[in-house]
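Each chain is listed here by its residues.
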Amino acid sequence: MRKLIEGFLNFRANAFPEYARRFQWLAEVGQNPRAAVVACCDSRVDPQMIFSAGPGDLFIIRNVANLIPPYHPNSDFHGTSAALEFAVRQLRVGDIIVMGHTHCGGVKALMAEGEADGDFIGNWMAIAKSVRGKAKDVSDAEREVIRLTIANLLTFPWIKAAVEGGGLRLHGCLFDVADADLLLLNQATGQFKSVQDGIEGVPL
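Worth saying up front: this structure is predicted, and the values here are computed from it rather than measured.

### A word on helix α1 (residues 2–29)
Here α1 is 28 residues long, yet its end C-alpha atoms lie only 33 Å apart, well below the 40 Å a rise of 1.5 Å per residue gives. One or two residues past the end of α1 sits G30, with phi positive at roughly 105°.

### Describing the nonpolar core
Core analysis: the biggest nonpolar cluster contains 24 residues, and L84, I96, L153 and I159 have the highest contact counts within it. If you list the elements that add at least two residues to this core, you get β1 (35–40), β2 (58–63), α3 (79–90), β3 (95–101), α6 (138–153), α7 (157–164), β4 (169–176) and β5 (181–186). In this structure L153 touches I68, L84, I96, V98, I159 and L170, once residues within four positions along its chain are discounted. Within the second largest apolar cluster, 13 residues are counted, among which are L67, L110, V131 and A141.

### Describing a nonpolar patch on the surface
Taken together, M1, L4, I5, F8, L9, F11 and F23 make up a surface patch of nonpolar side chains, about 730 Å² in accessible area. Considering the arrangement of structural elements, one finds F23 in helix α1.

About the thresholds
Residues numbered from 1 in each chain as written. Predicted model: local features only at pLDDT ≥ 70, side-chain atom pairs only at ≥ 80, totals over all residues. Heavy atoms only, no water. Helix = DSSP H or I, 4+ residues; strand = E, 2+ residues; numbered from the N terminus. Expected span 1.5 Å × (residues − 1). Core = buried A, V, L, I, M, F, W, Y, C linked by side-chain atoms within 4.5 Å. Buried < 20%, exposed > 50% of the residue type's maximum accessible area, 1.4 Å probe, protein only. Contact = heavy atoms within 4.5 Å. Patch = residues over 30% accessible without salt bridge, like charges linked within 9 Å, V, L, I, M, F, W, Y side chains within 5 Å. Areas by Shrake-Rupley, 256 points an atom, 1.4 Å probe, with all protein chains shown as cover. Salt bridge = Lys/Arg side-chain N within 4 Å of Asp/Glu carboxyl O.

Structure below.
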């Protein structure tokens, strides 16, 4: 905790002055993020850092393996779906970005053992159980999980309606932890391509 407090004090002294007026405006007016990012909670993957985003730019939804469950409203606790609903129906973001990453522990456990151990993780990763029949290895599975999450997003009626109405766009990307590269999913071809090689075929 000492290290974290030292980090905060450094932020307060050195970074905050640059964003002070922005924070004041956000406090008074409220948030209006341009995009929602569905990302893994892995500590090596920080969407705000990766996209060089500032305060209020991104609404970030993080969980194990950047998954979205299929639409299934009931009396259970649905933290991820609730955050997604808030982003789409209240904040009206224009883009949802599903960002997977390489060396994902959740995906690795899914592929190695079928289901992860624990009170909650195994049931959560079961959302992606269909990936095991499609992917030949963990690297392939990480990409399949992104495709699956985009498909699951479209099971939410208010997301499907917004996409069909042109008010919302869905994107998939994979962050390479070792090389700090970003691969974008071309949904027409189903293939991932580094943004450093161009972004043809990607709706922006």
